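Tertiary structure, described
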Amino acid sequence: QVQLVESGGGLVQAGGSLRLSCAASGRTFSTYSMAWFRQAPGKEREFVAAISWIGSTTNYADSVKGRFTISRDNAKNTVYLQMNSLDPDTTAVYYCAAEPDNYNTYANTDSYNYWGQGSQDTVPS
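Now for a quick tour of the structure. (Residues numbered from 1 in each chain as written. Predicted model: local features only at pLDDT ≥ 70, side-chain atom pairs only at ≥ 80, totals over all residues. Heavy atoms only, no water.)

Counted by the stated rule, this structure contains 8 aromatic pairs. Relative to Tyr112, the ring of Phe37 lies with its centre 5.3 Å away and its plane at 80°, an arrangement referred to as edge-to-face. Highlighted residues: Phe37 in strand β4 (residues 34-39) and Tyr112 in strand β10 (residues 112-115), separated in sequence by 75 residues. Comparing Phe37 with Tyr112, the two get one shared label, buried. A ring pair is formed by Tyr103 and Tyr106, whose centres lie 5.4 Å apart and whose planes are at 35°; its orientation type is tilted. Here Tyr106 falls in the partly exposed class, since its relative accessible area comes to 23%. (Phe/Tyr/Trp six-rings, centres within 6.5 Å; stacked < 30°, edge-to-face > 60°. Helix = DSSP H or I, 4+ residues; strand = E, 2+ residues; numbered from the N terminus. Buried < 20%, exposed > 50% of the residue type's maximum accessible area, 1.4 Å probe, protein only.)

Here we come to the state of the cysteines. Applying the stated criterion across every chain yields a total of 1 disulfide. Through a disulfide, Cys22 is tied to Cys96; the S-S separation comes to 2.0 Å. Taking the sign of the S-S torsion, about 50° here, the bridge from Cys22 to Cys96 comes out right-handed. Of the two residues, Cys22 is situated in strand β3 (residues 18-26) and Cys96 in strand β9 (residues 92-100); the sequence distance between them amounts to 74 residues. (Disulfide = S-S within 2.5 Å.)

With that settled, the discussion passes to the sheet that holds strand β7 (residues 68-73). With antiparallel pairing, 4 strands are arranged side by side in an open sheet as β1-β3-β8-β7. Strands with a single pairing partner mark the edges of an open sheet, and in this sheet they are β1 (2-7) and β7. Going from strand to strand, the sheet's axes swing by 15° on average, the running direction of each strand aside. Bridge count for β3 against strand β8 (residues 78-83) is 6 bridges, and the pairing is antiparallel. (Pairing = 2+ DSSP bridges. Axes fitted to C-alpha atoms, helices over the stretch in contact; angles between N-to-C directions.)

Another point: the environment of Val123. With respect to the secondary-structure elements, Val123 resides in the segment after β11 (119-122). Residue classification places Val123 among the buried residues on the basis of a relative accessible area of 4%. Separated by 107 residues in the primary sequence, Val123 and Gly16 place their C-alpha atoms 8.7 Å from one another. Among residues more than four places away in sequence, those in contact with Val123 are Val12, Gln13, Ala14, Leu86, Asp87, Pro88, Thr90 and Thr91. (Contact = heavy atoms within 4.5 Å.)

This is the structure we're talking about:
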């Protein structure tokens, strides 16, 4: 079992930055890949970024490339999402997810076995 707890969300003005954290507990953190997803009001949950178990591979949704950075610190059992140049379209609940069935399915919500509770990020228009 893996437990995930997100933190770092909040209200930020357009053009600002936020860093989300997701602390994991349970199984050895360095043995599984991690990802971030988001869900805006009235929309389906969508992939944002993923990182392999040792951090050597990262993948991003086209909409966040160049603005968001996913990273992990296996010594702290934590994955991060640095979000820069935020705009109202990035307003959503952000979820971290752990242990995809296969890293090749990193963008598929159905692939993940564990989810955090979500962190609300709001960028007013």
